[in-house]
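# Examination of the molecular architecture
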Amino acid sequence: ACLLRRDFDILPTDHGRKWFQLFREMESEMPVGNYGASPLSITLLETAIDWQSVSNKRRENYLTLLQALREFALLKDLPEDVVPLGLPVRVENRDALRQALFDQNIYPPIHWDLAGVVPEHFDESHELSRHILTLICDQRYDERDMEREICVVRRVVGT
């Protein structure tokens, strides 16, 4: 899945969604627990990544999304010492929005799907879970990608 995703990021193709199918299958079977990183992973994390550049790009992309989509954002500002994973938004038609983003080869995750995990009597938590989506702002993407993401959101949610 990771190798196919890398290839897809370099040159998207119609059959490139195979990576996403494999990723979803793998994600559903991944063990959850407190596991240590391999020595190779630790070395790569310590030496192969320009973390300041990653931080700057993520913040820049987040702020672009936030400026355009503030009314949907769960977090309305970005403290100086925070590097975002993505922009969590709350929308009524989350599943339709996610599908529209998929159709444009944008793959936002859903954090936190509570069905079957949190007891149903936690109504407010489940209500939020059904409407939340995390828009992508990671360092692989540029301003053009953020604008494309914004356009899809605006088209689907209206406004």
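All values derive from a computational prediction rather than experimental measurement.

Glancing now at the environment of Glu60. In this fold, Glu60 is placed in helix H4 (residues 51-69). A polar side-chain atom of Glu60 sits 3.1 Å from a polar atom in the side chain of Lys57.

Using the criterion set out here, one finds 6 salt bridges in the structure. Among the ionic pairs, Glu80 bridges to Arg59, the shortest N-O distance being 3.9 Å. Here the residue Glu80 occupies a position in the loop between H4 and strand S1 (86-90), and Arg59 occupies one in helix H4, the gap between them amounting to 21 residues. Residue Arg154 pairs with Glu71 through a salt bridge whose shortest N-O separation is 2.6 Å. Residue Arg154 is located in helix H7 (residues 143-157), and its partner Glu71 is located in the loop between H4 and S1; the two are separated by 83 residues in the primary sequence.

This part covers the pairing of strand S2 (residues 132-136). For S2, the buried fraction is high: 5 of the 5 residues fall into the buried class. Burial along S2 is two-sided: the face carrying Ile132, Thr134 and Ile136 and the face carrying Leu133 and Leu135 are both buried. Alignment of S1 against S2, held across 5 bridges, turns out to be antiparallel. Residue pairing across strands places Leu87 opposite Leu135, the latter belonging to S2.

This brings us to the packing of helix H5 (residues 94-103) against H7. Closest axis-to-axis distance for the H5/H7 pair is 10 Å, and the angle between their directions is 140°. Relative to H7, H5 is oriented oblique. Our pair here, H5 against H7, has a crossing hand that is right-handed. Between H5 and H7, the contacting residues are Ala96, Leu97, Ala100 and Leu101 on the first element and Glu149, Val152, Val153, Arg155, Val156 and Val157 on the second.

Conventions we followed
- Residues numbered from 1 in each chain as written.
- Predicted model: local features only at pLDDT ≥ 70, side-chain atom pairs only at ≥ 80, totals over all residues.
- Heavy atoms only, no water.
- Helix = DSSP H or I, 4+ residues; strand = E, 2+ residues; numbered from the N terminus.
- Polar contact = N/O pair within 3.5 Å; in protein donor to acceptor, adjacent residues only side chain to side chain.
- Salt bridge = Lys/Arg side-chain N within 4 Å of Asp/Glu carboxyl O.
- Buried < 20%, exposed > 50% of the residue type's maximum accessible area, 1.4 Å probe, protein only.
- Pairing = 2+ DSSP bridges.
- Axes fitted to C-alpha atoms, helices over the stretch in contact; angles between N-to-C directions.
- Parallel < 35°, antiparallel > 145°, perpendicular 65-115°, else oblique.
- Left-handed = near helix turned anticlockwise from the far one by under 90°.
- Contact = heavy atoms within 4.5 Å.

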